[in-house]
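What follows is each chain in one-letter form.
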Amino acid sequence: MRRFTCTASSDAVFSSSLTPAGDRRRRLASMFRLIASSLCLRCQRVPALPVILRPCVTLSSAENQQTVEALYDLSVDIQKVRKLKSWVLHQSPAYTKEVADLLKDMGASGSVVARILALHPESILCCPEQVEAQRELWMSVCPNQKELVSIIEKFPASFFTSSSHHDNQRDNIAFFQSLNLNKRIVTKLMASAPLSFSRPVEQNQLMVRTLQQAYTELGGEDANMRIWLQKLLSQNPFVLLKPPDVLRQNLLFLRDRGFSTAELLRLLSKLRGFVTELNPDNMRRTLAFSQDAMGCSEEDLRDIVLSCPALLYYPEEILSERFNGLLSVGVSMSQITETPTVLELTTQIIIYRLQRLRSYGYDVRTGSLQVLNGTKKDFEVSCGRLQIRRERPLFNPVAPLRGDD
């Protein structure tokens, strides 16, 4: 850095003058020296600017180059792996080629292997013996390896689990098979709710016993219990992860609200296991809000809940938005109480479907809201019927024409 300096010769020139002008020059010289000294000190105190490093080869040198090259050879999206799970590329040992070969041996194509490794790169950290053990375990419930590959492609994290969970997985598979559940249901549980298979089997046994006991106490028939349990677990496999006490508390709350035993059994089945997601305080607030909004009696409210159990778990903010959305497009509250299941649809879906119905000349203000209900596929079927009805000719096109005799 360039420093300011003052020479002795210049000082002598200024000090030798005894005239007023020389005195003025001497004062200026002193001022310049003071400024120069101040600038020198300031420059010495300025901290060095941080060096901004650009991404270069040295930053990626810590990566396991054998892993990176193996992933490149398998056409895996390396940039995606670096963005989402970069830490995997720094691990050693890694079994990239071995895991890929095992997947291919199951019937996975090269593109499928690449997708699996990009979606769940942690899989390359599983040793071949662990992957082989998982294959044997899953094949005990999977009908064939083709279906297993399909499951791994959708739920890779469920397949490539820690080897420490292997014994729990085996015990839980044996338990669910002892319930005579369909193998496909057991496979779905393993894929979509892997935590329920990684934990000790005793916890699942306790929750299943609680569900079976509730079903029996509410009047369910033993002959139908397996089908009922199978349907409930397939619709909401996470019910196994909930505390059994939550189920009992919620059923007691609903019983206190006037629901009969038969109605509770209907709710338990209709809620698809969501009864374990509820709690009495939230249900109390939601029911009070719904009753006030619809202006109905306690008995009518119970009938509405039986038709639309979603009223039990939707928070007040969502219900308020959906009530207001329906009312703003001309739907009456009496129509909503007659078809409460429309409250399961978001306001955006309602507006879209109303626009579609208007294009076919259907006015929900004078018709039934039932046409709005259902899945996207159900709604498209309803629209197709309306279109056919609108375009139906007034005459019979196959009737013979009357000609002159």
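Refer to the preceding data block for the structure.
Residues numbered from 1 in each chain as written. Predicted model: local features only at pLDDT ≥ 70, side-chain atom pairs only at ≥ 80, totals over all residues. Heavy atoms only, no water.

> Help me understand helix α8 (residues 128-139) in this model?
Helical geometry: 3.6 residues make up each α-helical turn, so side chains three or four residues apart lie on a common side. With 12 residues, α8 should reach 16 Å at 1.5 Å per residue; the first-to-last C-alpha distance of 16 Å fits that figure. Every buried residue of α8 is listed here: Gln130, Val131, Gln134, Arg135, Leu137 and Trp138. Projected down its long axis, α8 shows its buried positions confined to an angular sector of 165°, all on one face. Turned more than 90 degrees from where α8 packs its buried face, Glu129 and Glu136 sit exposed. (Helix = DSSP H or I, 4+ residues; strand = E, 2+ residues; numbered from the N terminus. Expected span 1.5 Å × (residues − 1). Buried < 20%, exposed > 50% of the residue type's maximum accessible area, 1.4 Å probe, protein only. Arc of directions from axis to C-beta.)

> For this particular structure, what's the right way to read the pattern of salt bridges?
Any two side chains of opposite charge can pair, given that their charged atoms come close. Counted under the stated rule, the structure contains 15 salt bridges. Ionic pairing is found between Glu132 and Arg135, a salt bridge with its closest N-O pair at 2.8 Å. Of this pair, Glu132 and Arg135 both sit in helix α8, separated by 3 residues, roughly a single helical turn. Glu132 gets classed as partly exposed once you look at its relative accessible area, which sits at 24%. One network of salt bridges, with partners in common, ties together Asp105, Glu132 and Arg135. (Salt bridge = Lys/Arg side-chain N within 4 Å of Asp/Glu carboxyl O.)

> What is the right way to look at the environment of Gly107 in this model?
Structurally, the position occupied by Gly107 is in the loop between α6 (96-105) and α7 (110-119). Look at Gly107 and you get exposed, because its relative accessible area is 60%.

> Can you walk me through the packing of α8 against helix α9 (residues 145-154) in this structure?
Packed helices, taken two at a time, are described by the angle their axes make and the gap between the axes. Remark: α8 packs on α9, axes separated minimally by 11 Å, with the N-to-C direction vectors making an angle of 115°. Our classification of the angle between α8 and α9 gives roughly perpendicular. Note on packing geometry: the crossing formed by α8 with α9 is right-handed. Here Arg135, Trp138 and Met139 of α8 come into contact with α9, specifically with Gln145, Leu148 and Ile151. Here the residues of the contact of α8 with α9 sort into 4 nonpolar, 1 polar and 1 charged. (Axes fitted to C-alpha atoms, helices over the stretch in contact; angles between N-to-C directions. Parallel < 35°, antiparallel > 145°, perpendicular 65-115°, else oblique. Left-handed = near helix turned anticlockwise from the far one by under 90°. Contact = heavy atoms within 4.5 Å. Nonpolar A, V, L, I, M, F, W, Y, C, P; charged D, E, K, R; others polar.)

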